[in-house]
Structures are given as C-alpha cells and as structure tokens.
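Structural features, examined
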Amino acid sequence: MVRALRNNVGFLYVLPALAFVGFFVLWPLLQLGYLSLTDTSLLGGGQFIGLENYIKAFEDKKFWQALGFTARYTVFITPLLMGLGFALALLTSPNRRLQQITRGIIFLPVVIGIGSSSLLWFWLFDQQVGLFNKFLVDIGLLAEPAVWFTKADMGLLAVTISITWKVIGFGMLLFVAGIQSINGEIGEAALIDGGNYWQRVWYIILPLSLRVILLTTLISVIGSMLAFDQFYIMTGGNPRGQTFTAVYSIYQSSFISFKLGYGAALSIILTAIILVFSSLQVILSNRSPSQ
Amino acid sequence: MPSSWRAALAAAAMSVVVVVPGTAFAETLSLWARASSSNAAQHMIDLWNASHDDKIELTTIPDNQMVTKLATSVQAGDVPDLISFDLIFMPDFMKAGFLTDLTATLSTDPNQAKVAKAFRDLATYDGKLYGTGFTPDVSILVYNKDLFKKAGLDPESPPKTIAQLQEYATKIKQAVPDAYGYYFSGSCGGCNIFTQAPMMWGSGATLLPTSGDAPAMEGPGVKEVLTMLKQMWDAKVIPESAEADTGANFMATFETGTIGMQGSGGFAISLLKANHPDMDFGIAPLPGLAEGQASSFVGGDVIAIPTGAKHAELATQFIQWQLTDEAQLEGLAKNLILPSRSDLADNKYFQEEPRYITTAQAVGIGQTPYAFHFNDMVNADQSPWLTMLQTAIFDGDIDGAIEGAREAMRAIAAE
C-alpha cells in the first residue's frame, strides 16, 4: 500500500512532462492518423475514406522510388559520417593547444541553417559560377566544369558532400565525448603492456565507444530518412525525380497536389519505418557492453 | 494626463461621431501579395495611400507558400482584405469557395471590359466574376543582338516561326562555338508552360484538359515544338546545364551573354537593363508554326477578396480604383510595369522603351490555360507536362511522351 502510494507520487512528478508529450506529440500524431483516413484537400473538404490512401500509397511507384532513394542516401552517408566523425575526434585529440581551435572550426557549419548551407553548396557546384568546379578544373581532376545535377549519382554525391560538411562537427563532438568518458586507467594499462596507438584505438577506444557509435548511427539514420531541404534546394528532385526523398514526396502530395489526406498517409508510413529502425537500434544499444 | 481629462476628451470624440452623421474612422486594409509581384503591388498601394484616408498595408508572402497561407487562413476565418496571387490558381480557388463574388461591381465597370481577356476568362466561374487583373506579366522571346550580329543574322529581325527559331539558333552555335543558340529550364514545369506552350497553342493546339474526357495535348504545334527542341538538344545548340535547371538559372544563363534566344517574361527587360546595361538585347513575341501565329502566356497576378474579409466594401473600392486610367498609368506604367488593361499598352511612359510596348501588346494576344489541378498537371516536379518535355527532348520518344502526358493529365482532370 505504501509502495503503491509512493509510485503514485512519482507519477505526479512526471505528469507535466507526460502532459507536454501528450499535447505536442501524441495528439498531433492522432490527428495525423485520422487525416490519413480522409480525402482532405488543402483547398478544403474531406470525407472519411478508410484505408484507401494506404492502398493507394502501396501502389504508388513514385513514393516507393523516393523511399528507395532515401534508403540509398542513408546507406551512403551514414558510414561516411560515422567514419569521418570518429577520425576527426581522434585527429583533433593529441594537440591540446590546437584542439579547441580545430574542433571549433570543424563544428562551425553545424550552427548554420541547413537551408542556407544547401544554397551555399548549390552555387558552389554551379557549372558556370561555382568555385568547386573551378577548383577541380584547376587541380586537373576535371577537364571542364561539370553539371552536377543532371545525373542522380552526381546529385547524390553533391548533396552528400554538402551535408557531410554541415553535420560532421556534431558527430565528431559526440565521439569526443565518448572517448573522453573512457576510463584513462584502461589506456594507461594498455600503454604499460606495450600497446601502440592503433592497437589502443582498435582494442580499447572503438569497443568502448559502441554506445556512442549506435547513438550516432541512430541520429544519422533518422536525419537521412527525413532528408528534404538539401534535396529540395540542391537537386530539386532531379534528374526526373530520381533524387526525390520520402519527405519530398510527402511535401509534393500535400502542398503541390493539395492532397493533405494522402500526404498524411505517406507520413504515417514513413514514421512507422523510422520507428522500426529506431527500435532496433535502441535494442542493440541496450545490449551493447558498457564500461 | 489626468484621467478626468482623458474621459472628457473621449466623451467629446464620441459626441462628434454622434452629432455628425456619416463620420467614420479611417480603416487600414491588409493586402497579401506573393513575393514576385510585391514590388508592383507596393507601387499601387503607395499611390492609393497618397490620396485616400483608408490605408492599405502590404504583406509579402513567399510565392510557394501562397496557396497554403490562403487555404489555411480561409479555413481559420482569419483572412486579409485583399489578396494578389498567381492567376493560374484562380479556378481552384473559385471552385473551393475561397473568394468573394464581385460580379455586381465588376460587370458594370467599364474598365473591366478593357482588362486583358486572359484575366477576365480566368476570373470567371459559373458565370460569376471573382477577381480581375492586377499586375500582369507575359511571356516573350528575348534574344541577344550581339550574338545575332556575330552569326550574320539581322538583329532587328527575330524569328517569326519555330523553323526560323531553330535555324537562327543553329547558326549562332556554328558561328560562336562558345555560345548556344537557345536555352530553357529543362526541369521546371512552370517555366516551360510559360515559354514553350505559347508556341504550341499559337499554332492551334489544346494543351490542358478541363475534364477527364476533354482534349489534352492535341492539335498542331505540340509535336512540332517538341521535335524542334529535341533536334536542338541533339545538336548541342542548347547547353547541357539546361536539363537540370529547375528554374534557378532561368535568367542567369541568358545574363552570361552566351545564349542567343530564350523564352522569358516581360520582367526580363527591367532585369537585364539593371544588371547588364551594356547588353544589346531584343524582345519579340514567341513564334508559332507559321507567321502570324505568335502567342504568349499571360501570367502575373489577379486581385480578389477572400471569403470573410472584414473590409470587403473598401476592398472592392480598391479593386475598382486600380482599374482606372490613373492607377494603371501612374501606379504601374510609370514604374515600367505592364498595365492589366490592354487598351493602355501603348502609353506615354513606354514610348522611350518600345520593348515595353511589344511586351504589353503580348498581353492582349496571349492566353492562360483554364485548368483545375494546374499544379498537379504542370508545376509538380514529376508533372505530366514536365515528364512529357523531358521524355521527348532528352530521351527522344516524342510520340510516347505526348501519349503519356495525355493519359496522366486526363486522370488528374477527372479527379
């Protein structure tokens, strides 16, 4: 009886947070769920149509192509962000004097809005006035300025470069925090045992950073699955819709075709997919060894 | 100020209102305009505000957010008094019941009869008028006279048919290898309905269907224009960057001075004069299959009153006022902006710049497609219109592209 009462008091403490989540997360999600069961248009109206939007979505080749591209982008950029983030965390560690400066410079693009940075890179990649092309021509890697957005792979590469520049500092910071939380005595013991730098990285730092690696992967996967601004600004979904992402597809359905109900159904499908990935990673994270 | 004084002043003010019948406080009306036409709207507003007690305040809305903003504001019951938006959305908005019926006022206004036909047609639904022309723009052919001279072409004789356009573009490419004969934004549906479609319908084609069984992409001009563009693409008369241009470089490429000709809008005149005062460029109507079939796309903004506007009566007065000679000439033409009334195309302010007269006259001969779901059919990134252009020009399957667009457009129109 006393124990139950104590639990109830505990419940009261989290009530404000629960109310906040309920009002700002669960309620809109429920509204979205209902919207997905109607044929509501941006121009008004809307009838309950059951699962029709979902049936239509599963037959919608453009949406599945967009989802496929989103998955490809995620698979392409995530290892890159992980590897580079980890490498930068290691590279900026040894020299304490330069540490803050180099980390500060690498982190700087994180504070720039994604729209601004995408626009910046859009013009840097421009065939006629882009500095990136000029640089590649000057160092002899290109014979003439390239048109970056006429091929899906080139567009994907261009966006990947811009996003890597934009967010790599954040990944680096997470890895730095992870590395710094490793008990120094373990490293010292390895040093006494004669382990060289790479052996310490491979056998100590990397395994003990597993939780950070899983967390960074989770953030990267969710961010990539929700990619929109960078493709909207840089590739415009081109060529021929080959660089449409899932969110771009939802935006098109909702605000260009005015089909809010259908857009809501696509959003729910994407949310479900992201939930599956997130759950898997959370489970893996809970099973991973901690120090 | 002591509170007793304030009370006395308030009572005095109230007594003036009571004693003098008809006394009213000046109102402030709100007008939303999309960003690309807000400059023109501001000129009109400044002119009105200078001579009226009731003032108008402009709110600029990003172009791509206008539909969302209006739709949500109407549904929330919190709308501006006036709204200026892309005329192409007029059919969808009228059908959705977003706009106030202005038939009683506009149908008896003699100035309304002089407004460009395209605006009058687009603003009519079920025999009722819901708006009128405000700040038009129209598509034209812009060409680089220096490149014409280098190619041995007469800079005062722009192409009058699409065959001539192809011939001139090819000559420019041959004479100046670093330059290109023609340019278009190959990944921008809106840019191309504005600049390529007039070459088709000027020759007699019917493009966008109004219902599921209406004609779509039919008649002379469709296949011929696509064939011309494909041949120019194959011959590299058009730069490679055109394929990926979503409209971001719609004018920027021409501004480099390496493009012989391209479809553009009347806005190009002011833009080029301001940014490239040394560039020698000409303006001409967009040609059709045969001489005399020139046409254009009448774009720009209509003005209307959203349903539920608080000052609908005053807003109607503004709409009528902006059609007067004074507003059209002093608010628009004086600022080198096209008037929406065709009868004022040749006005005193355009005399020094004949290119404006050519452009203003194009408003009179131009068309605007009357279509519901225009965004879906044309503006969307994988719209049937854009897919048709890309499949025909870049892949070379012209017949398949037309047939595919026809089916997809009818399916959209049937919704």
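Just so it is clear, the structure is predicted and the values come from calculations on it, not from any experiment.

The number of helices and strands found in chain A is 13 helices and 0 strands. Taking the principal axes of the C-alpha coordinates as reference, chain A spans close to 80 × 75 × 30 Å. Looking at chain A residue by residue over its 291 residues, the buried ones come to 42%. Of the contacts made within chain A by residues no fewer than 6 positions apart, 67% connect residues no fewer than 24 positions apart. Accessible area of chain A: about 16300 Å², with a carbon and sulfur share of 71%. Chain A carries 17 positive and 12 negative side-chain charges, and their two centres are separated by 6 Å.

All names here are of chain B. Summarising burial for strand S8 (residues 259-265): 7 of the 7 residues are buried, a large majority. Inspection of the sheet shows strand S6 (residues 132-144) paired to S8 by 5 bridges, in the antiparallel sense. Across the sheet, residue Val142 finds its bridge partner in S8, namely Gln262. By the bridge criterion, 3 bridges tie strand S7 (residues 180-183) to S8 in an arrangement that is parallel. Note that in S8 the partner of Tyr180 across the bridge is Ile259.

Attention now goes to the packing of helix H2 (residues 38-51) of chain B against helix H14 (residues 312-321) of chain B. Residue and element names in this part refer to chain B. The contact between H2 and H14 brings their axes to 12 Å, and the two run at 110 degrees. Judged by the inter-axis angle, H2 sits roughly perpendicular to H14. Two packed elements cross with a definite hand, and for H2 against H14 that hand is right-handed. Listed contacts from H14 to Met44, Leu47 and Trp48 of H2 are Gln317, Phe318 and Trp321. Of the residues assigned to the contact of H2 with H14, the class counts are 5 nonpolar, 1 polar and no charged.

Here we come to the interface of chain A and chain B. Listed as interface residues are 27 residues of chain A and, on the opposing side, 29 residues of chain B. Regarding the contact of chain A and chain B, the summed buried area is about 2400 Å², with carbon and sulfur atoms giving 49% of it. On inspection of chain A and its partner chain B, the count reaches 4 salt bridges. With a shortest N-O distance of 3.3 Å, Glu415 of chain B and Lys259 of chain A are connected by a salt bridge. Where chain A packs against chain B, one counts 12 residue pairs in polar contact (both at pLDDT 80 or more). Looking at the side of chain A that touches chain B, the elements with two or more residues in it are helix H5 (114-124) and helix H12 (246-256) of chain A. Sort the elements by how many residues they give to the side of chain A that touches chain B and H12 of chain A lands first, with 5 residues. Taken together, the residues that form the side of chain A that touches chain B break down as 13 nonpolar, 10 polar and 4 charged.

Cut-offs used in this document
- Residues numbered from 1 in each chain as written.
- Chains lettered and ligands numbered in written order.
- Predicted model: local features only at pLDDT ≥ 70, side-chain atom pairs only at ≥ 80, totals over all residues.
- Heavy atoms only, no water.
- Helix = DSSP H or I, 4+ residues; strand = E, 2+ residues; numbered from the N terminus.
- Buried < 20%, exposed > 50% of the residue type's maximum accessible area, 1.4 Å probe, protein only.
- Contact = heavy atoms within 4.5 Å.
- Areas by Shrake-Rupley, 256 points an atom, 1.4 Å probe, with all protein chains shown as cover.
- Lys, Arg positive; Asp, Glu negative; His and termini not counted.
- Charge placed at Lys NZ, Arg CZ, Asp CG, Glu CD.
- Pairing = 2+ DSSP bridges.
- Axes fitted to C-alpha atoms, helices over the stretch in contact; angles between N-to-C directions.
- Parallel < 35°, antiparallel > 145°, perpendicular 65-115°, else oblique.
- Left-handed = near helix turned anticlockwise from the far one by under 90°.
- Nonpolar A, V, L, I, M, F, W, Y, C, P; charged D, E, K, R; others polar.
- Buried area = accessible area lost by both parts, 1.4 Å probe.
- Salt bridge = Lys/Arg side-chain N within 4 Å of Asp/Glu carboxyl O.
- Polar contact = N/O pair within 3.5 Å; in protein donor to acceptor, adjacent residues only side chain to side chain.

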